[in-house]
Amino acid sequence: MIPYGRQSIDPADIAAVVAVLESDWLTQGPAVAQFEAAVAGYCGARGAVAVSSGTAALHLACRAAGLGPGDRLWTSPISFVASANCALYCGGDVDFVDIDPGSANLSVDALARKLETAERDGRLPSVVLPVHYAGQACDMAAIAALADRYGFTVIEDAAHAIGGCYRDHPIGSCRYAAMTVFSFHPVKIITAGEGGMVTTRDGRLRERVAALREHGIRREPAAATGAGGWYYEQTELGYNYRMSDIHAALGASQLRRIDGLVARRRALAARYDAALDALPLTPLHRDDRVASAHHLYPVRLHGGAATRRRLYDRLRAAGIGAQVHYIPLHLHPFYRARGFAVGDYPAAEAYYAATLSLPLYPDLGDADQDRVIAILRAELGSA
Ligand SMILES: *Cc1c(COP(=O)(O)O)cnc(C)c1O
């Protein structure tokens, strides 16, 4: 089976995990702090907090941003469910901003229009969460300008995008956002098995996320409390969202070769670009201010939904696991029950109807990619 995405594990990754298993610490040891420092250094962020998943990172970022009951978070409907659920975990509300059809990222024009209306109605969001779809950054400078004008907090969902850049700033640097969230699920750019990270330049946000990761507990130096070294305080309601040292060691080992992993993804994307050029499909529009991390290679099929279905079935029959990214969030039964309906976000719905993600991961060989390409040519005709 050729999946749409999968991890790449090398002997150094295995050795790193084994070393932790043979050490004194399986969790709450030194590997987590080392992974955090490595990610912060790689992204040029001041602070990084490792957690148990990208979903946990989104939840804690929203909590640290102060999102709570009566507050609104806006995100893109073309994303994984976690991008919206994080607001509801905090007791807030979710709304969506339609996408730009070319990049499938949240449309800055749609955002600007929706903000104007929301200001008039007194319903401005407190958090906007742009998703760097497929690894390509959103127009962060424009979103940051709107954040200044309307006073919302920007949290980047960069689950697809570690290793990419926006205007020469590495994703995660938080040049244009309060916090950036990464996922280290096995299909993502680098993996920890499961895991996530919040990066930020703001020391207070870093501390808040770190405390919420551990039950809302803060440890003051013993001298400050006058108590013994055993003393700790729970100051708010947090969680156990810790990352284990086993996971952190794998993540740190992967980060050491992230540039090679992303370069291979870029080369595979360029091979698809060239090989599919004459076919009736459109790859994502590429913003030339952005270096994508190439998490996904989605194509939009000119033949629409019927062609997508035929091609998906044909690829599956050949053992090739193409996938659809994503079913628009507002169309899930859970969100329909919250009042969303078909027709609410037409660009997202049209994108979903005709899109298929082709296999793309560092260990995908040229010969296997050529098998995928041959099926596309046969099904879609090169005429
Ligand atoms: C994978 C993903 C997440 C969630 O990450 P987990 O580590 O699986 O919890 C969030 N947002 C997007 C866009 C994702 O692709």
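Residues numbered from 1 in each chain as written. Predicted model: local features only at pLDDT ≥ 70, side-chain atom pairs only at ≥ 80, totals over all residues. Heavy atoms only, no water.

Draft legend 1. Molecular detail of the site of the ligand. For the ligand, the set of nearby residues contains 16 residues, the closest of which are Gly54, Thr55, His160, Ser183 and Lys188. Between the ligand and Thr55, the relevant distance is 2.5 Å, taken from an oxygen atom to a side-chain nitrogen or oxygen of the residue. One of the side-chain N or O atoms of Lys188 is found 3.0 Å from an oxygen atom in the ligand. In the complex, 93% of the free accessible area of the ligand, which totals 380 Å², lies under the protein chains. Elements represented by at least two residues in the shell around the ligand include exactly helix H3 (54-64) and helix H4 (82-89). No other element matches the three residues that H3 contributes to the shell around the ligand. Residue composition of the shell around the ligand, by class: six nonpolar, eight polar and two charged. (Near = heavy atom within 4 Å. Polar contact = N/O pair within 3.5 Å; in protein donor to acceptor, adjacent residues only side chain to side chain. Areas by Shrake-Rupley, 256 points an atom, 1.4 Å probe, with all protein chains shown as cover. Helix = DSSP H or I, 4+ residues; strand = E, 2+ residues; numbered from the N terminus. Nonpolar A, V, L, I, M, F, W, Y, C, P; charged D, E, K, R; others polar.)

Draft legend 2. Quick peek at the environment of Ser244. With respect to the helices and strands, Ser244 occurs in the loop between strand E11 (233-234) and helix H9 (245-256). Residue classification places Ser244 among the buried residues on the basis of a relative accessible area of 15%. The residues touching Ser244, leaving out its near neighbours within four places in the chain, are Leu26, Thr27 and Val32. Side-chain polar atoms of Ser244 contact the backbone nitrogen of Ile246, separated by 3.3 Å. (Buried < 20%, exposed > 50% of the residue type's maximum accessible area, 1.4 Å probe, protein only. Contact = heavy atoms within 4.5 Å.)

Draft legend 3. Highlighting the packing of aromatic side chains. If you walk through the whole model with that rule in mind, you get eleven aromatic pairs. Taking 5.2 Å as the distance between ring centres and 55° as the angle between the ring planes, the aromatic pair formed by Phe35 and Phe184 counts as tilted. Here Phe35 is found in helix H2 (residues 30-43), whereas its partner Phe184 is found in the loop between strand E8 (179-183) and strand E9 (196-200), with 149 residues between them in sequence. With respect to burial, Phe35 and Phe184 carry one shared label: buried. Taken together, a centroid distance of 5.8 Å and an interplanar angle of 80° make the contact between Phe96 and Tyr345 edge-to-face. Residue Phe96 is found in strand E3 (residues 93-96), and its partner Tyr345 is found in the loop between helix H12 (333-336) and helix H13 (346-353); the two are separated by 249 residues along the sequence. In textbook terms, an aromatic cluster arises when at least three aromatic residues are bridged by ring pairs, as seen for Phe96, Phe334, Tyr335, Phe340 and Tyr345. Looking at Lys114, its charged tip hangs above the ring of Trp74, at a distance of 5.2 Å from the centre. The ring of Tyr150 has Arg149 sitting right over it, with the charged end atom 4.3 Å from the ring centre. (Phe/Tyr/Trp six-rings, centres within 6.5 Å; stacked < 30°, edge-to-face > 60°. Lys NZ or Arg CZ within 6 Å of the ring centre and 35° of its normal.)

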